Amino acid sequence: MSNLIHRLRLSHKFGLLALLGALMLAPPMTYYLVDAEAELASTRQEVAGLQPSAALLKLIRLTQQHRGLTATVLGGKAEAEGQRAERQREVDQALGEFAALAAGIEDPKFAEGWQQVQQQWKTLSAQVAQRQMAAPASFAGHSALVELQLDLHGRIVSHYGLDLDPEPVSYHLVIATMTQLPQLTEQLGKLRGSGAGILARGQATVADRAMLGGLSESARGEMHRLLATLERALEHDPALRERMAGPIEQARAGVERTREMLRTELIEAEALTLSSA
C-alpha cells in the first residue's frame, strides 16, 4: 500500500487524504444527526444550522481548490487554466447556493462578514482571470478569503447554538468536526496550494522549503488538537469509539504520510520530480 501511495501524483495524494478526512467526518456527524433527531423538540435550532454549515464548508473547499489550481497556472502550467476556470464557476455557483441560506440568518455581524466574503471573491477572481495578480499575491488573497469564510462558519456554529450542546459526546463532536476539522483542512489546503505552485515552477528556494516545513508542522498541530477533542468525545461512548477507531487511524496515518511525502520530495529533495497536476 505504501508503494502505491508513493507513486501517486501530488493531486491524487491530496485527493486520497481528502477522502480519509471525509471518512473520519461522516460517522461522528451521522451520530450527531441521529441524536439530534431523537431530541428534535430541544435541538430544532441546532438542526437548522446544519444545512448552512454544510453549504459554507462546500464553498470553503472549492475556494481552497481554486487557490491550488491558480497557483499551478500562475506558476507556469498554462494547461491547467481550463480546470481553474471550471473551479471558479463552481465557486460562483456555491456562493449563490449559500446566499439563499444566508438570507435567513438574522445576525448583523454575520451579514457584514458575508458581504466581505462576496466582495473579496469578486475582486480576487476577476484579477486572477485577467492575470492581474502574481502567484504570491493570489495565494495570500485566497488564504485571507478562506480565513474570512472560516470566521463566518464559526458565526454559524454559534448562531445556531451548535457549540452549546450540553451532552459531552455531541459537544466535542461538534467542536471537532465543525471547528477543528475545517482548520486542519485549511492547513492541508495551504500545503497543496504552495506545493503545486512550487512544482509548477520546477524549483524551490530556501524560503519555499521553510514555508512548507512550517505549514506541515501547523497541520500536525491541528491534527493533534482534533484527535484530542475526538478522544474526549469517545471516552463517553465506547460503542462510538469502536466504530470510529478505523477511520480515525486512517485519517491520522494519511496526514502523516502526506507530511512525510512533502518532506522527502519537496522540502528536502535536491531535485523536484513530482507532477503539479
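Up top is the structure.
Residues numbered from 1 in each chain as written. Predicted model: local features only at pLDDT ≥ 70, side-chain atom pairs only at ≥ 80, totals over all residues. Heavy atoms only, no water.

Asks: Mind showing me how you'd approach the layout of surface pockets here?
Replies: Take a probe with the size of a water molecule and roll it over the atoms, and the empty space left behind shows itself. In this structure, the second largest pocket encloses a volume near 220 Å³. Taken together, 13 residues form the lining of the second largest pocket, with A135, P136, F139, R201 and M211 sitting closest to its centre. Of all the secondary structure elements, the ones that give two or more residues to the lining of the second largest pocket are α4 (50-74), α7 (135-159), α8 (168-201) and α9 (206-234). Per element, the largest residue contribution to the lining of the second largest pocket is 5 residues, and it comes from α8. (1 Å grid on protein atoms, 1.4 Å probe; cavity = no way out; pocket = protein on both sides within 12 Å on 5 of 7 lines; lining within 4 Å. Points joined across faces, edges and corners; volume = space filled by probe spheres on them. Helix = DSSP H or I, 4+ residues; strand = E, 2+ residues; numbered from the N terminus.)

Asks: Just checking my understanding: could you explain the side chain of T70 for this structure?
Replies: Within the element layout of this structure, T70 appears in helix α4. With a relative accessible area of 0%, T70 lands in the buried category. A polar atom in the side chain of T70 sits 2.7 Å from the backbone oxygen of H66. With sequence-adjacent residues up to four places away left out, T70 is seen in contact with R84, V128, S138 and H142. (Buried < 20%, exposed > 50% of the residue type's maximum accessible area, 1.4 Å probe, protein only. Polar contact = N/O pair within 3.5 Å; in protein donor to acceptor, adjacent residues only side chain to side chain. Contact = heavy atoms within 4.5 Å.)

Asks: Is there a simple way to think about the nonpolar core in this case?
Replies: Most often, soluble globular proteins keep nonpolar side chains buried together rather than apart. By size, the foremost hydrophobic cluster in this structure holds 30 residues, and its most contacted members are F98, F110 and W114. Breaking this core down by element, the ones donating at least two residues are α4, α5 (81-102), α6 (108-129), α7 and α8. Looking at this core element by element, the count peaks at 7 residues for α7. Contact partners of F110, with chain neighbours within four places excluded, come to F98, A102, I105, L152, R155 and I156. Within the second largest apolar cluster, 29 residues are counted, among which are I198, L234, L266 and I267. (Core = buried A, V, L, I, M, F, W, Y, C linked by side-chain atoms within 4.5 Å.)

Asks: I tried to follow the packing of aromatic side chains on my own but got confused; where do I start?
Replies: Throughout the structure, instances matching the rule amount to 2 aromatic pairs. Of the aromatic side chains, those joined through ring pairs into one cluster are F98, F110 and W114. For the cation-ring pair, R67 lies above F139, with the distance from its terminal atom to the ring centre recorded as 5.5 Å. (Phe/Tyr/Trp six-rings, centres within 6.5 Å; stacked < 30°, edge-to-face > 60°. Lys NZ or Arg CZ within 6 Å of the ring centre and 35° of its normal.)

Asks: Could you clarify how one ought to interpret unusual backbone geometry in this entry?
Replies: Backbone geometry follows two general trends: most residues other than glycine have a negative phi, and most peptide bonds adopt the trans configuration. Even without being a glycine, R131 presents a positive backbone phi close to 55°. Looking at the element boundaries, R131 is found in the loop between α6 and α7.

Asks: How should I be thinking about the packing of α8 against helix α10 (residues 238-267) in this particular structure?
Replies: Helices that pack against each other are described as a pair by the angle of their axes relative to one another and the distance between those axes. Following both chains from N to C, one finds α8 and α10 inclined at 20°, their axes separated by 12 Å at the closest point. Relative to α10, α8 is oriented roughly parallel. In the crossing of α8 with α10, the sense of the turn from one axis to the other is left-handed. Side by side, α8 and α10 meet where V169, L173, L188, L191, G195, I198 and L199 of the first sit next to L240, V255, L262 and L266 of the second. A class-by-class count of the residues in the contact of α8 with α10 yields 10 nonpolar, 1 polar and no charged. (Axes fitted to C-alpha atoms, helices over the stretch in contact; angles between N-to-C directions. Parallel < 35°, antiparallel > 145°, perpendicular 65-115°, else oblique. Left-handed = near helix turned anticlockwise from the far one by under 90°. Nonpolar A, V, L, I, M, F, W, Y, C, P; charged D, E, K, R; others polar.)

Asks: Is there a simple way to think about the pattern of salt bridges in this case?
Replies: Two side chains that carry opposite charge are able to pair once their charged atoms sit near each other. If you walk through the whole model with that rule in mind, you get 16 salt bridges. Between E231 and R241 there is a salt bridge, with its nearest N and O atoms 3.0 Å apart. In this pair, E231 sits in helix α9 while R241 sits in helix α10, placing the two residues 10 residues apart along the sequence. With a closest N to O distance of 2.8 Å, R263 and E268 form a salt bridge. Exposure remark for R263: the relative accessible area of 32% places this residue in the partly exposed category. (Salt bridge = Lys/Arg side-chain N within 4 Å of Asp/Glu carboxyl O.)

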